Amino acid sequence: MTETRRERLNRDRVLQAAVELADRDGLEAVSMRALADALDVVPMALYKHVAGKEQLLDGMVDRVIAEIDAPAPGVGWRAALRARVLSARAMLTRHPWARRALETRTTRTPAVLHHLDTTIGILRSGGFPDPLTHDLMHAFGSRMWGFTQELFEAAPAPPPDPATLAALAAHFPNVAAVAGVAAHDEGTVVGPGCDDQREFEFALDLMLDAFARLAPGAADA
């Protein structure tokens, strides 16, 4: 290991390597030791750039949040908000670990605050009064980050066998009827559950419709 290699190490390189490690092996694989191995440095070298695991995770979250597209100029609040949310969701499909990381962060970093500020700004610029904007942000919840809390979430499992499906239909016919019509694209699922792209956009559009009804004077052009 050379001094030159240690001199090239910087915070940006550390965070990029951590994101790549999480993308490849999952968030649970990210540790200071594993990251040091990936960078071919001693673990202590990392502490010059991140104070520890929590600061590392904050930095990783900030790095992927930066991938969310800025609102396009000259579009209405609805189009801007929809595009912002779907860009956040696209980021999560590229970095599936980021959902869990976002759920566990307690520090409001500048990148987190910027995303919140931009989302709020879209509504305020569209003519939504501040008290209503406050309520709408609470209604939006995690959806502004590109995911929602599913009604039931479970680890991926193989499809049930026909006998199990028949028993389900016999005892819970309504559940079986609704579940049987669902078709999901596994490539668009963020975390476990059924919340794939079509369902996410369906619910997002319902919310945007409701937002518009609550503030009929809001400009959407």
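Values in this document were obtained by computation on a predicted structure and should not be read as measured data.

## A word on the packing of helix α9 (residues 130-140) against helix α12 (residues 197-214)
For any two helices packed against each other, the geometry comes down to the angle between their axes and how far apart the axes lie. Two elements in contact, α9 and α12, have axes separated by 12 Å at closest approach and are oriented at 165°. Classed by the angle they form, the pair α9 and α12 counts as roughly antiparallel. α9 and α12 meet at a crossing whose hand is right-handed. Residue-level contacts link Leu-132, Leu-136, Ala-139 and Phe-140 of α9 to Leu-204, Met-207, Phe-211 and Leu-214 of α12. The residue makeup of the contact of α9 with α12, split by class, is 8 nonpolar, no polar and no charged.

## Digging into unusual backbone geometry
Glycine aside, the phi torsion of most residues is negative, and most peptide linkages are trans. The phi dihedral of Asp-40 falls on the positive side, at around 60°, and the residue is not glycine. Structurally, Asp-40 is set in the loop between α3 (32-39) and α4 (43-46).

## What about the confidence of the model for the protein?
With 83% of its residues at a pLDDT of 70 or more, the protein shows a mean pLDDT of 86. By mean pLDDT, the top-scoring element of the protein is helix α2 (residues 11-25) (96), and the lowest-scoring one is helix α1 (residues 3-8) (51). Per-residue pLDDT stays below 50 along residues 1-6; that stretch engages in 7 contacts with residues further than four places along the chain or on separate chains.

## Focus: the nonpolar core
Looking at soluble globular proteins, one finds that nonpolar side chains tend to be buried together. Ranked by internal contacts, the top residues of the largest apolar core, which has 57 residues, are Leu-46, Leu-56, Met-60, Trp-77, Trp-97, Phe-128 and Phe-211. With 8 residues, helix α6 (residues 77-94) is the single largest residue contributor to this core. If we ignore the near neighbours within four places in the chain, the residues touching Phe-128 are Trp-77, Leu-123, Thr-133, Leu-136, Phe-211, Ala-215 and Ala-218.

## Let's talk about the layout of surface pockets
As a volume, the second largest pocket reaches approximately 470 Å³. What lines the second largest pocket is a set of 20 residues, and nearest its centre among them are Arg-108, Val-112, Leu-116, Met-144 and Trp-145. At the level of elements, α7 (98-104), α8 (110-125) and α9 are the ones that each hand at least two residues to the lining of the second largest pocket. Looking at the lining of the second largest pocket, the element that brings in the most residues is α9, giving 5 residues.

Reading guide: rules and limits
Residues numbered from 1 in each chain as written. Predicted model: local features only at pLDDT ≥ 70, side-chain atom pairs only at ≥ 80, totals over all residues. Heavy atoms only, no water. Axes fitted to C-alpha atoms, helices over the stretch in contact; angles between N-to-C directions. Helix = DSSP H or I, 4+ residues; strand = E, 2+ residues; numbered from the N terminus. Parallel < 35°, antiparallel > 145°, perpendicular 65-115°, else oblique. Left-handed = near helix turned anticlockwise from the far one by under 90°. Contact = heavy atoms within 4.5 Å. Nonpolar A, V, L, I, M, F, W, Y, C, P; charged D, E, K, R; others polar. pLDDT = per-residue confidence, 0-100. Core = buried A, V, L, I, M, F, W, Y, C linked by side-chain atoms within 4.5 Å. Buried < 20%, exposed > 50% of the residue type's maximum accessible area, 1.4 Å probe, protein only. 1 Å grid on protein atoms, 1.4 Å probe; cavity = no way out; pocket = protein on both sides within 12 Å on 5 of 7 lines; lining within 4 Å. Points joined across faces, edges and corners; volume = space filled by probe spheres on them.

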